[in-house]
Amino acid sequence: MNILVTGSAGFIGASFCYEALKNNHKVLGVDNYSNSSRKTTRILKNIFKKNFSFLELNLAKSKKMVIEDLKFFKPDLILHFAALKSISAAEANPDLYWENNINATTNLLNFAEEIGCSKFIFSSSAAVYGENNSQPVNEESILKPESIYGKTKLECENLIKDFCKDNTLDAVIFRFFNVCGCHKDKFFYETSKTSQNLMMNIIEVANKRKERISIYGNRFSTNDGSATRDYVHIEDLLSAHFKVISMLKNITFCEIFNLGSEKEVSVLEFIKTFEETNGIKLTYKISEPRPGELPRSLSDTTKLKNYSNWRVEKNLKDMCLDSWIAQKK
């Protein structure tokens, strides 16, 4: 297929491009490098000279300009990974997040209509779920995001569903939980320059670039008082995408799937697992909870498993080991 991938220079987007190109698809990558690296694009260009092309583009600019810049490529499928994604940055600058995430999605949908692309896959987030949901959450759980970032993702979901009703577009929406680990060939991995998640903070302390890890809250209603999250390995995330892509002909209108591991891990448990897996002692401090974050988050992926026979193969130890091997000094 011809596949358009937005956010192609990011950790997830680049890893997807690599696997798609290995499977002989033709890929046009799009990124504006707002939170990604040009090095990633160079790697993909060097390895896949024939089937990979790239366009530096701000997808949130005018619809007319986006369509004009992209129309040379006729995709059979669009994968929309690109977004501003920091929960704390979104709270500090909500207008930027609303403008960027909504406009980019709207422009891509209009481009799909303009050139007749009928298949669309969107990367949403578990941040669309509300705090009052019982855990684990499934696709029918209450949607009441606490953060600005989550609100922009939910608005994008609604735009896509409305577009599917009114046009010939069929879409898949993946609600990512916390993506972690490293691509198996170690070309692509997250860095502290592009992400401030727990793993990156741990890596910074392990590499002695930071003194300690901040744990935001220790009085939540969890086993040890620290917040919990559901972590899914990048390899499992990629396998879910390719399983669903192989079944695209069966997708009509819009299907939504949770994409997580169904394992609830606290911040303190995560730190302990990293220490035990890699033989490193980490220092941490307790700080106040950040606004807009949930105390607990756990996926129910029954729908995806039943639909595609997808299963998680990696665990938290794999994520801790892979991430550290990729990023040691």
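Since we're looking at a predicted model, the values are computed, not measured.

Thresholds applied
- Residues numbered from 1 in each chain as written.
- Predicted model: local features only at pLDDT ≥ 70, side-chain atom pairs only at ≥ 80, totals over all residues.
- Heavy atoms only, no water.
- Salt bridge = Lys/Arg side-chain N within 4 Å of Asp/Glu carboxyl O.
- Buried < 20%, exposed > 50% of the residue type's maximum accessible area, 1.4 Å probe, protein only.
- Helix = DSSP H or I, 4+ residues; strand = E, 2+ residues; numbered from the N terminus.
- Contact = heavy atoms within 4.5 Å.
- Polar contact = N/O pair within 3.5 Å; in protein donor to acceptor, adjacent residues only side chain to side chain.
- Pairing = 2+ DSSP bridges.
- Right-handed = clockwise from strand over helix to strand, strands pointing away.
- Axes fitted to C-alpha atoms, helices over the stretch in contact; angles between N-to-C directions.

(A) Region of the structure containing the pattern of salt bridges. If you walk through the whole model with that rule in mind, you get 16 salt bridges. For R209, the salt bridge goes to E204, with nearest N and O atoms at 2.9 Å. Put simply, E19, K22, K184, D185 and E235 are held in one network by salt bridges that share partners.

(B) Layout of helix α7 (residues 198–206). Counting buried positions along α7 yields nine of nine residues, so the element is predominantly enclosed. For α7, the full list of buried residues reads L198, M199, M200, N201, I202, I203, E204, V205 and A206. As for α7, its buried residues are in contact with β7 (178–180), β8 (213–216), β9 (228–233), α9 (267–278) and α11 (316–327). Two residues or fewer after α7 comes K208, characterised by a positive phi angle close to 65 degrees.

(C) Representation of the side chain of T6 within the structure. Residue placement: T6 occurs in strand β1 (residues 2–6). For T6, a relative accessible area of 1% corresponds to the buried category. Separated by 2.7 Å, the side chains of T6 and H80 make a polar contact. From its side chain, T6 meets the backbone nitrogen of A82 in a polar contact 3.1 Å long.

(D) Inspection of the pairing of strand β6 (residues 170–176) at higher detail. Burial of β6 is extensive: seven of the seven residues sit out of reach of the surface. Both faces of β6 are covered, namely the face carrying D170, V172, F174 and F176 and the face carrying A171, I173 and R175. In terms of strand pairing, strand β5 (residues 119–125) meets β6 through seven bridges, oriented parallel. Bridge pairing links S125 to F176 in β6. A crossover connection joins β5 to the parallel β6 through helix α6 (residues 148–166); in handedness this β-α-β unit is right-handed. Bridging between β6 and strand β10 (residues 254–259) involves six bridges; their strand directions are parallel. In the sheet register, A171 faces β10, and the bridge partner there is C254.

(E) Up close: the sheet that holds β7. Ordered in space as β7-β9-β11, the three strands form an open sheet in which the pairing is mixed. Pairing within the sheet leaves two strands with one partner each, and these edge strands are β7 and β11 (264–266). For this sheet the average axis-to-axis angle between neighbouring strands, irrespective of direction, equals 55 degrees. Pairing analysis gives three bridges linking β9 to β11, with the strands arranged antiparallel. Across the sheet, residue R229 finds its bridge partner in β11, namely V265. Helix α8 (residues 234–245) rests against β7 and β9 of the sheet, and its axis sits at about 65 degrees to β9. Along the sheet face, α9 touches β7, β9 and β11 and points at about 85 degrees away from the line of β11.

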